[in-house]
Amino acid sequence: MSETPPLDLISFLRAIPKVELHCHLFGTIRHETMVALNRRKNAGISEEEIDGYYVRGEKPKGVLHIFRQLEKLIVRAPRDLYDITVDYLREAHAHNVRYAEFFWNPSGVLAQRTMTYVQARDAILGAIRDAEKALGIVSRLIPAIDRQDTPEAAFEMVSLVVEHPAPEVIGLGIDYSEVDRPPELFWKSYRLAKRRGLKATAHAGEFAQHWRNIETALDLLEVDRIDHGYTVLDNPALVRRCADSGIVFTVIPTNSFYLRTLPRAEWATKHPIRFMPGQGIRVHPNSDDPTYHIVTPTGAWFMMVKDFGFSIDDLRGFMTNGLDGAWIDETTRRRWAHAWAAEFDALRGRLTGG
Ligand code: ADE
Ligand code: ZN
């Protein structure tokens, strides 16, 4: 009995094996680390400003400004990237994330000319390898396009990625503000990445941007996953198509846009995440920018239950969606699916009130 004590919901959600498919490296920096880096780099950001990064008010602002400050002022050496990545993977591991695919935008950092793509990439890959050795967590890197920059800058970045391949660099993403920056602008970068054997995903249908961006990501960019994708619900035919294809949508319960724009009393009942699974969309919950959203992988899963009303059976389905959406080989997928389902069920047997 003492070996299998009961679990409350949070402990259960922490214990279940997880993949994380939508987390931005620069969205994982802890407050103390940010303060220390700011000092060490003489970045000159006021402590008051930094404190503000970690406050999530009633109507949270987006986090993109923080990313710009990191790119311009703080992340200047390979060692910074190594340390940030180790920190992230340690924290993910503490939440029983067994496998993580995370985003990093190279362009903004490389524009500072303090390191080359290969130096920066190798620092992150060094951390990936060290974390796997020390903790067992397996992780992979997804370089992501800064969509507020030009399509030519994106192409330059993707050219570097494909000219310097590495086994842990497995796909291409795109993020930053989607407003007026539709996916078609970046078709050429995606074409190059796909031709060179990379997987692809795209932030689309975030910030209430048109469902067309999701369709374009599918048809023109040929993505293998969708990040966010909430406005798919505005087009029933597109919903059916996505449901039929089984493509996985990585969703973010703490996404700032709906917290800012929906009245708080209705936020949970009106949030698109609540409706996507019921319409056949395969979703998987993620932490996105955990330290600024003040969330963890466990917390993101908790919100799926507490805020959006999903059941433990639904969570088991989300776990499967995560494995099916992950860019792993089929043998590993089958092995993990089998083992994780057994672990999930054993943990569920200990869940109090479950
Ligand atoms: N990059 C990091 N976090 C992001 C977000 N929430 N939306 C778009 N791009 C991002
Ligand atoms: Zn994101």
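Everything quoted here is computed from the prediction, not taken from an experiment.

**Q** Explanation requested: helix H2 (residues 31-40) in the structure shown.
**A** Residues that lie three or four places apart on an α-helix share one face, since the helix turns once every 3.6 residues. For H2, every residue scored as buried is listed here: Thr33, Met34, Val35, Leu37 and Asn38. Buried residues in H2 make contact with helix H3 (47-53), helix H4 (64-74), helix H5 (78-94) and helix H15 (290-293). Just past H2, the residue asparagine 42 takes up positive phi, approximately 50 degrees.

**Q** How should the site of ligand 1 be read in this particular structure?
**A** Near ligand 1 the following residues occur: His24, Val63, Leu64, Phe67, Asp175, Tyr176, His203, Glu206, Phe207, Asp288 and Asp289. Here glutamate 206 contributes a side-chain N or O atom positioned 3.0 Å from a nitrogen atom of ligand 1. At 3.2 Å, a side-chain N or O of aspartate 288 approaches a nitrogen atom of ligand 1. The protein chains hide 95% of the 260 Å² of surface that ligand 1 would expose on its own. Class assignment of the residues belonging to the shell around ligand 1 gives a composition of five nonpolar, two polar and four charged.

**Q** In this structure, what is going on with the coordination of the zinc ion (ligand 2)? I would like to understand it.
**A** By definition of the ideal shapes, four donors in a tetrahedron about a metal sit 109.5 degrees apart, and six donors in an octahedron sit 90 or 180 degrees apart. Each protein donor to the zinc ion (ligand 2) is listed here as His22 (NE2), His24 (NE2), His203 (NE2) and Asp288 (OD); together their distances run 2.0 to 2.3 Å. Given four donor atoms and angles of 83 to 179 degrees at the metal, the environment of the zinc ion (ligand 2) is assigned as irregular.

**Q** Hey, could you run me through the sheet that holds strand S1 (residues 18-20) in this one?
**A** To summarise the sheet geometry, strands pair through backbone hydrogen bonds and adopt either a parallel or an antiparallel arrangement. Strands sit in the order S1-S2-S3-S4-S5-S6-S7-S8 across an open sheet of eight strands; the sheet is parallel. The sheet is open, and its two borders are formed by S1 and strand S8 (282-285), each paired with just one other strand. With direction set aside, neighbouring strand axes in the sheet form an average angle of 25 degrees.

**Q** How should the environment of leucine 9 be read in this particular structure?
**A** Relative to the assigned elements, leucine 9 resides in helix H1 (residues 9-15). Each C-alpha atom of the pair leucine 9 and alanine 200 lies 34 Å from the other, and the pair is 191 residues apart in sequence. In this structure leucine 9 touches Phe302, Val305, Ile312 and Leu351, once residues within four positions along its chain are discounted.

Conventions we followed
- Residues numbered from 1 in each chain as written.
- Chains lettered and ligands numbered in written order.
- Predicted model: local features only at pLDDT ≥ 70, side-chain atom pairs only at ≥ 80, totals over all residues.
- Heavy atoms only, no water.
- Buried < 20%, exposed > 50% of the residue type's maximum accessible area, 1.4 Å probe, protein only.
- Helix = DSSP H or I, 4+ residues; strand = E, 2+ residues; numbered from the N terminus.
- Contact = heavy atoms within 4.5 Å.
- Near = heavy atom within 4 Å.
- Polar contact = N/O pair within 3.5 Å; in protein donor to acceptor, adjacent residues only side chain to side chain.
- Areas by Shrake-Rupley, 256 points an atom, 1.4 Å probe, with all protein chains shown as cover.
- Nonpolar A, V, L, I, M, F, W, Y, C, P; charged D, E, K, R; others polar.
- Donors = N, O, S within 2.8 Å, 3.2 Å for Na, K, Ca; no water.
- Tetrahedral: all angles 85-135°; square planar, octahedral: opposite > 155°, others 65-115°.
- Pairing = 2+ DSSP bridges.
- Axes fitted to C-alpha atoms, helices over the stretch in contact; angles between N-to-C directions.

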